[in-house]
Amino acid sequence: MIKLIATDLDGTLMSPDHLTVSPHTVNTIKSAHDKGIKLAVATGRPLSLIGDVIHQVPFVDYIIYSNGACVFDRTKNEIIYSNLIPNELALELIDYLLENKVFFEIYVEGKSYYQLDTEYLFENTFFEKAFIDEVMRSMTGCRNLSEYLGNKAVEKITLYCVKDKDYDKFRDKFLSYDLSVASSFEANIEATVKTANKGEAVKGICDALGITADECMTFGDAGNDCPMLRFAKYSFAMANGTDECKAAAKYIAKSNAEDGLALAVEEYALKW
C-alpha cells in the first residue's frame with residue numbers, strides 16, 4: 001500500500017510549460033491525498049519559486065527544495081531539515097565562478113541571488129520565455145554577492161548555460177570539494193553538499209512517518225531525481241526523462257504532456 005508520493009516538478013508534475021499542473025493530475029493526486037497518502041514535491045527550485053505550484057496543489061504536505069538541501073513541513077509551517085554548503089566554501093566558489101564568467105545563482109534561506117551585471121552570460125535555449133520571466137522575477141540581483149552572503153550558509157549553487165568545453169571543468173571543481181553534482185536540464189550544473197539530495201530527503205520523511213521504501217512512490221525526469229528513484233520501490237521515470245533517470249527507476253511512466261504521473265498514481269496507488 002502506498003503511503004507517500006514524492007514527485008519532481010519540472011518535467012514531471014508540471015505540464016511542459018513548467019507553469020501549470022493539468023486538471024487531471026491535480027484531481028488524481030488530490031484523490032490520493034484524500035485517501036490518506038502523504039504528498040511531497042521534490043524540486044531543485046528554491047522555496048521562493050514554488051508558490052504558484054502550491055497554489056494549484058494546496059494539499060501537498062512537504063516541500064523538498066534546493067535538490068534536497070531543505071525540507072519544509074507545510075502542516076507545521078517550518079523547515080524540518082537543512083543540509084547546507086558551509087559559508088567559507090560558498091564564498092570561495094563565488095569568487096571562482098565570477099572569475100570564470102559563468103551565470104550562476106545561489107540559494108540562501110529559500111531565495112535565489114545572483115551577481116548583477118552577469119545577466120549577459122545567460123542564454124536561454126531550453127525554456128519557454130514565460131517560465132524564464134517567472135524565474136528571473138524570483139531572483140534578487142546583488143552588486144556584491146559575497147558581501148550580501150555575509151556569514152550565511154548556502155542551500156545550492158546553480159550554473160546555467162554552461163558551454164560544452166567548460167562543463168567538465170566546473171563539474172570537477174565542485175567534485176574536488178566533495179560536493180554532490182547533479183543536472184536538471186541542458187547545460188546546467190547544480191551543487192549541494194554530498195549528503196543533500198532528493199533521496200535522502202524522501203528517506204528522512206519516510207523515517208519520520210514510519211514509512212518504508214516499499215510504501216513509497218516517486219516520480220522524476222532528470223539526474224537530480226535519481227537518488228529518490230533508486231530509494232522507492234515504486235519509482236517512475238517519465239517517458240520524457242533522461243536515460244540516466246530511466247536507468248534509476250523501476251518503472252517508466254508516460255510523459256508529463258500525457259499526464260503520466262496521474263496515470264501511474266491511478267494504477268498503482270488508487271486501485272489498491
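Residues numbered from 1 in each chain as written. Predicted model: local features only at pLDDT ≥ 70, side-chain atom pairs only at ≥ 80, totals over all residues. Heavy atoms only, no water.

A. The arrangement of helix H7 (residues 164-176) in detail. For H7, spanning 13 residues, the distance from its first C-alpha to its last is 19 Å, which sits close to the expected 18 Å at 1.5 Å a residue. Listed as buried for H7 are Asp 166, Phe 170 and Phe 174. Projected down its long axis, H7 shows its buried positions confined to an angular sector of 75°, all on one face. More than 90 degrees from the buried face of H7, the exposed residues found are Asp 164, Lys 165 and Ser 176. The secondary structure elements touched by the buried residues of H7 are helix H4 (87-99), strand S9 (156-160), strand S10 (179-182) and strand S11 (189-193). Taken from the residues just after H7, Asp 178 is the one with a positive phi, measuring 60°. (Helix = DSSP H or I, 4+ residues; strand = E, 2+ residues; numbered from the N terminus. Expected span 1.5 Å × (residues − 1). Buried < 20%, exposed > 50% of the residue type's maximum accessible area, 1.4 Å probe, protein only. Arc of directions from axis to C-beta. Contact = heavy atoms within 4.5 Å.)

B. The arrangement of the sheet that holds strand S7 (residues 111-115) in detail. With mixed pairing, 6 strands are arranged side by side in an open sheet as S8-S7-S6-S9-S11-S10. Of all strands in the sheet, those with a lone pairing partner are strand S8 (139-142) and S10, marking the two edges. Each adjacent strand pair in this sheet contributes to an overall mean axis angle of 25°, direction not counted. The sheet contact formed by S10 and S11 spans 4 bridges and is antiparallel. Residue pairing across strands places Leu 179 opposite Val 193, the latter belonging to S11. Sitting on the sheet, H4 is in contact with strand S6 (103-108), S7, S9 and S10, with an inclination near 165° to S6. (Pairing = 2+ DSSP bridges. Axes fitted to C-alpha atoms, helices over the stretch in contact; angles between N-to-C directions.)

C. Seen up close, the pairing of strand S5 (residues 78-82). Relative to S5, strand S4 (residues 70-73) is paired through 4 bridges, and the arrangement is antiparallel. Residue Asp 73 lies in a different strand from S5, and its bridge partner there is Glu 78.

D. Highlighting the packing of H4 against H7. With their axes 12 Å apart at the nearest point, H4 and H7 run at an angle of 170° to one another. One finds that H4 runs roughly antiparallel with respect to H7. You can see that H4 and H7 cross each other, and the crossing is right-handed. Contact residues: H4 offers Leu 93, Tyr 96 and Leu 97, while H7 offers Lys 169, Phe 170, Lys 173 and Phe 174. Looking at the contact of H4 with H7 residue by residue, the classes come out as 5 nonpolar, no polar and 2 charged. (Parallel < 35°, antiparallel > 145°, perpendicular 65-115°, else oblique. Left-handed = near helix turned anticlockwise from the far one by under 90°. Nonpolar A, V, L, I, M, F, W, Y, C, P; charged D, E, K, R; others polar.)

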